[in-house]
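Here's the letter readout for the chains.
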Amino acid sequence: MVTAGLALAGAAILVAGTVTIMVAIQRRPYQAEIAPTKGSPGQGVLYAFTLGMAPWAKESARRHWVAYLRGIVFHIIIFVGGLFLIASPWLTEFPSLLRVSLAALFALGAALTFAGFGMRLSDPALRRLSTPDDYFALALVTLFLASGAASAAQIEFLPAFWAISGITMAYVPFGKLRHFLYFFYERAFLGLVFGSRGVLKWKHE
Amino acid sequence: MNSPTKTKQNKLIIAKEMLGNLVDRRVLTALEVCVRCGICTESCHYYQSNPKIEHTPYYRAELVRRLYRRFFDPVGRVFPQWFGAGETTEDLLSKLAETAFSSCTLCQRCTLACPFGVETAEIMRITRSVATATGNAPDILVELANAAIAKEENAELFRDIYLDQIKDLEKEVQDILGSSKARIPVGEKGARMLYVPLAGAHTIVPQAVLFNIAQESWTLGMFEASNYAVFLADGVKAKHIAERITKEAEQVKAKEIIIAECGHAYTTMRWDVPKWRGSPLPFKVRSIIEVLDEYVREGRLHLDSAQNSQPTTYHDSCNLGRKGGIFEEPRRVIRAAASDYREMTPNRLHSYCCGGGSGLVAVEEWADIRLQAGKLKAEQIRQTGAKIVVTSCDNCRHQIKELSERHDLGIEVTSVSELAVKSLA
Amino acid sequence: MTLEIKSDQTINLEGLLCPIPVVKVSQAIKNMAVGGVLEATATDPGVLLDIPAWVKSTGNELLSIKKEDKLIRFFIKRTK
Ligand code: SF4
Ligand code: SF4
């Protein structure tokens, strides 16, 4: 039960940290586009969160399709991992097929995040620009998914999963993992600015 | 009192303070969201033309990111190394300045390549502000901004010279049109449009010809549209320089401000000035190419594409295109004015910067850097086989001309307006 | 009769469009000794305004600027 406490404490830090960051963001000045629009900011935002993220919309994603796909897939798996964490106190009631599937999914996720070490270390530019924060975050997420996989397969690992989840969540507000929150802001800003300028839109002539 | 160490300390203090103030919501987000994944690497023309780590978008942004974390992040302040931040020194400040001014043209191409949409250009823009405030900006940009202000402060003195010059140009327009009635009105009250040129005659004569043909109600602006303080990211001066134009538009009671073919001048007047004022402008702002497109579509201007049969291509200025959504307007006019139109690949939204943007063409010391960064554009042009390159920005025009010399492209570089005049039916 | 101005260096800015003439002048002046005189010829009429404005804002001295048919010739003395 100690580890359940750790998970809860981590979750509390995550929530408090997220709120603090949001307040800090909101405190910063923001200059909205106020000139008469050429396009539609609403459409821009919608586009930014949907088609604008489709791999085929970006030459960079086509070029780095492994990295791009890896990113999309493991982020989805992390999201599922979060849901699993919330539901994990009732793990004994999970049908076994679901547990096996989740174990496999999280194992895949762990493998994908672990591969991040290889990608960082093998690319000279990434190696030079990666920070301790990058490696630490990668390690935490890898452990989170690996322990998730283990506990989905074997209930005995659940305390370890909770402990690691707690630490990971607690770290989110302090390092790069907080990008999950900024992601929504960045896409929204992009959509608002480029949408109102008629740059991002469903269909170009 | 100003011992060298003291000035250095002051510079660091100013840098820190400015950085703290300039990081708005957009910049903060751009600083925080990057995960150093490298996906944007090849999106930058600098990297494409010379692939090295320093030419990746995230390398540049990371320099500022680390400085910012060292100054302001709760963890970064205690353990800067955790985020890879090193010592904050005077040298770092000048390195940052050089990066922001010479190795990023604020073209925003990387933003669209990034899975998040990190606005590296915004980070570089505030870095330019810090550099300008700490005296690390290129002298010539400061001189050009100051010269623009000097022109306004001595408006009376310059007015006569300007009017003389315009009289000469009016004669040219009359010769071209074969009509002594053709005019270049200056400061004419009640004109519907205030057309704001650049300093050169090539942004006055062809446009005057076209306005006369379309029987437009227009008047020529007293001041040039370009605003070098924008490149310096010097908000106060940039606003001042832009206000010369809005004041004049108010004086002549124009309904519209029409900006010459110039990328940054358009972005500034169309999108930025309202933000600086805190309210929309009381008149419409358009680029001359939007006006020409309208003339062609409405039949006020008849162009004959047979007059230009040489292969022709269009280079999208980043300001007009990616930052302004003006993609089809120039293309429609060019297609009407030239019979063999070809596209570069990629184009429009994904067009590469020519390498001369954001004031770089004016900084002679870095000519080599920008000409090297333009290698990709030169290659793109070559692949089209075009003999005429049209662009709607004077900076691009100058850069592409020099690229042509360096890479032996054998092309002629022109503007939409000039091409239109050449194709008059 | 006008006094001949003696220049220490001459640059040709013909065919260059504004603001490049100013850029080149600024660069050339920086490489000259204080007191040196730069002579330049240009064709873009924009220099008729741009050069005097630049000189005013930098504090150098414009000794003369004249239009000779299509050609514009000017002399600038570096003062600091
Ligand atoms: S700017 Fe975007 S694409 Fe480039 S490294 Fe950062 S997150 Fe990745
Ligand atoms: S804004 Fe343009 S020049 Fe600057 S890093 Fe991005 S792609 Fe390169």
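Please read all numbers here as calculations on a predicted model, not as lab measurements.

1. A closer look at the site of ligand 2
Residues and elements named next belong to chain B.
Okay, step 1: Taken together, Cys44, His45, Tyr46, Pro57, Arg60, Cys104, Thr105, Leu106, Cys107, Gln108 and Cys110 make up the full set of residues near ligand 2.
Okay, step 2: For the shell around ligand 2, the secondary structure elements donating two or more residues are α3 (45-49) and α4 (57-72).
Okay, step 3: Tallied by class, residues from the shell around ligand 2 come to seven nonpolar, three polar and one charged.

2. Side note on the packing of helix α1 (residues 20-30) of chain C against helix α2 (residues 47-58) of chain C
Two packed helices can be described by the angle between their axes and the distance between those axes.
Residues and elements named next belong to chain C.
Okay, step 1: Contact geometry for α1 and α2: axes closest at 10 Å, N-to-C directions at 35°. Viewed along their axes, α1 and α2 form a crossing whose handedness is right-handed. Contact residues: Pro21, Val22, Val25, Ser26 and Ile29 in α1; Val47, Asp50, Ile51 and Trp54 in α2.

3. Considering the site of ligand 1
Okay, step 1: Around ligand 1 lies a shell formed by Cys34(B), Val35(B), Arg36(B), Cys37(B), Gly38(B), Ile39(B), Cys40(B), Tyr58(B), Cys114(B), Pro115(B), Phe116(B) and Val118(B).
Okay, step 2: Considering only residue class, the shell around ligand 1 consists of ten nonpolar, one polar and one charged.

4. What to know about the interface of chain C and chain B
Okay, step 1: On the chain B side, the residues contacting the 24 residues of chain C number 30 residues.
Okay, step 2: At the boundary of chain C and chain B, one finds five salt bridges.
Okay, step 3: Here Lys67(C) and Asp168(B) are joined by a salt bridge, their closest N and O atoms 3.1 Å apart.
Okay, step 4: At the boundary of chain C with chain B, the tally comes to seven residue pairs in polar contact (both at pLDDT 80 or more).
Okay, step 5: Broken down by secondary-structure element, the contributors of at least two residues to the side of chain C that touches chain B are α1 and α2 of chain C.
Okay, step 6: Broken down by element, the residue count for the side of chain C that touches chain B peaks at nine residues, all from α2(C).
Okay, step 7: Its residues assigned to classes, the side of chain C that touches chain B shows twelve nonpolar, five polar and seven charged.

5. Some remarks on the interface of chain B and chain A
Okay, step 1: Between chain B and chain A, the residue contacts involve 68 residues of the former and 55 residues of the latter.
Okay, step 2: The largest contributions to the chain B side of the interface with chain A come from Arg25(B), Trp82(B) and Lys275(B), which together make up 15% of the buried area.
Okay, step 3: Where chain B meets chain A, there are eight salt bridges.
Okay, step 4: Linking chain B with chain A are 29 residue pairs in polar contact (both at pLDDT 80 or more).
Okay, step 5: Those elements that provide at least two residues to the side of chain B that touches chain A are α2 (25-33), α4, α7 (109-113), α14 (263-277) and α16 (328-337) of chain B.
Okay, step 6: A per-class count over the side of chain B that touches chain A returns 28 nonpolar, 18 polar and 22 charged.

6. Overview of the sheet that holds strand β4 (residues 284-287) of chain B
Residue and element names in this part refer to chain B.
Okay, step 1: Strand order in the open sheet formed by four strands is β2-β1-β3-β4, with parallel pairing between adjacent strands. Each edge of the sheet is formed by a strand with only one pairing partner; in this case those strands are β2 (218-220) and β4. Within the sheet, the average angular offset between the axes of one strand and its neighbour, ignoring direction, is 25°.
Okay, step 2: Sheet analysis places strand β1 (residues 193-196) next to strand β3 (residues 256-259), joined by four bridges and oriented parallel. The residue bridging leucine 194 from the neighbouring strand is isoleucine 257, located in β3.

7. Overview of unusual backbone geometry
Okay, step 1: Of the consecutive residues Thr345(B) and Pro346(B), the connecting peptide bond is found in the cis state with omega at -10°.
Okay, step 2: Counting through the fold element by element, Pro346(B) comes out in the loop between β6 (341-342) and α17 (367-373).
Okay, step 3: Cys18(C) connects to Pro19(C) through a cis peptide bond whose omega is 5°.
Okay, step 4: Topologically, Pro19(C) is positioned in the loop between β1 (9-13) and α1.
Okay, step 5: For Gln108(B), which is not glycine, the phi dihedral falls at a positive 70°.
Okay, step 6: Although it is not a glycine, Asp69(C) adopts a positive phi angle of roughly 55°.

8. Here we look at the packing of aromatic side chains
Okay, step 1: Counted according to the given criterion, the structure contains 22 aromatic pairs over all chains.
Okay, step 2: Taken together, the ring pairs connect Phe84(A), Phe94(A), Phe106(A), Phe144(A) and Phe161(A) into an aromatic cluster.
Okay, step 3: A cation over a ring is seen here: Arg109(B) above Tyr352(B), with NZ or CZ 3.7 Å from the ring centre.

9. A word on the pattern of salt bridges
Okay, step 1: A full pass over the atoms with the stated rule returns 50 salt bridges over all chains.
Okay, step 2: Here Asp316(B) ties to Arg331(B) by a salt bridge, and the two come within 2.7 Å at their closest N and O atoms. Pair noted here: Asp316(B) is in the loop between β5 (312-315) and α16 and Arg331(B) is in helix α16, with a separation of 15 residues, a long-range link.
Okay, step 3: Note on Asp316(B): relative accessible area 2%, which makes it buried.
Okay, step 4: Here Arg370(B) ties to Glu402(B) by a salt bridge, and the two come within 3.2 Å at their closest N and O atoms. With Arg370(B) in helix α17 and Glu402(B) in helix α19 (residues 394-407), this residue pair connects regions lying 32 residues apart in the sequence. For the residue pair Arg370(B) and Glu402(B), the accessibility class agrees, reading buried in each case.
Okay, step 5: Through salt bridges that share partners, Arg120(A), Asp134(A), Lys176(A), Arg36(B), Glu62(B), Arg65(B) and Arg66(B) make up one connected network.

10. Examining the pairing of strand β4 (residues 71-77) of chain C
Residue and element names in this part refer to chain C.
Okay, step 1: Across six bridges, the pairing between strand β2 (residues 37-42) and β4 is antiparallel. Residue pairing for β4: threonine 41 is matched across the bridge by arginine 73.
Okay, step 2: Sheet analysis places strand β3 (residues 61-68) next to β4, joined by seven bridges and oriented antiparallel. Looking across to β4, one finds that glutamate 61 is bridged to lysine 77.
Okay, step 3: Where β3 folds back on β4, the antiparallel hairpin that results is connected by two residues, among which aspartate 69 adopts a positive phi of roughly 55°.

11. Observations concerning the domain arrangement of chain B
Residue and element names in this part refer to chain B.
Okay, step 1: Partitioning chain B into structural domains gives domain 1 (4-137), domain 2 (141-295) and domain 3 (302-422).
Okay, step 2: Distance from the C-alpha centre of domain 1 to the C-alpha centre of domain 2: 34 Å.
Okay, step 3: Across the domain 1/domain 2 interface, buried area totals approximately 460 Å², and carbon plus sulfur atoms make up 58% of it.
Okay, step 4: On the domain 1 side of the interface with domain 2, the three residues burying the most area are Phe101, Arg128 and Thr132, jointly 60% of the side's total.
Okay, step 5: Linking domain 1 with domain 2 are zero salt bridges.
Okay, step 6: Inspection of the region where domain 1 meets domain 2 yields three residue pairs in polar contact (both at pLDDT 80 or more).
Okay, step 7: Here the side of domain 1 that touches domain 2 takes four residues from helix α8 (residues 120-133), the largest share from any one element.

Calculation notes
- Residues numbered from 1 in each chain as written.
- Chains lettered and ligands numbered in written order.
- Predicted model: local features only at pLDDT ≥ 70, side-chain atom pairs only at ≥ 80, totals over all residues.
- Heavy atoms only, no water.
- Near = heavy atom within 4 Å.
- Helix = DSSP H or I, 4+ residues; strand = E, 2+ residues; numbered from the N terminus.
- Nonpolar A, V, L, I, M, F, W, Y, C, P; charged D, E, K, R; others polar.
- Axes fitted to C-alpha atoms, helices over the stretch in contact; angles between N-to-C directions.
- Left-handed = near helix turned anticlockwise from the far one by under 90°.
- Contact = heavy atoms within 4.5 Å.
- Salt bridge = Lys/Arg side-chain N within 4 Å of Asp/Glu carboxyl O.
- Polar contact = N/O pair within 3.5 Å; in protein donor to acceptor, adjacent residues only side chain to side chain.
- Buried area = accessible area lost by both parts, 1.4 Å probe.
- Pairing = 2+ DSSP bridges.
- Phe/Tyr/Trp six-rings, centres within 6.5 Å; stacked < 30°, edge-to-face > 60°.
- Lys NZ or Arg CZ within 6 Å of the ring centre and 35° of its normal.
- Buried < 20%, exposed > 50% of the residue type's maximum accessible area, 1.4 Å probe, protein only.
- Domains from an automatic or database assignment.

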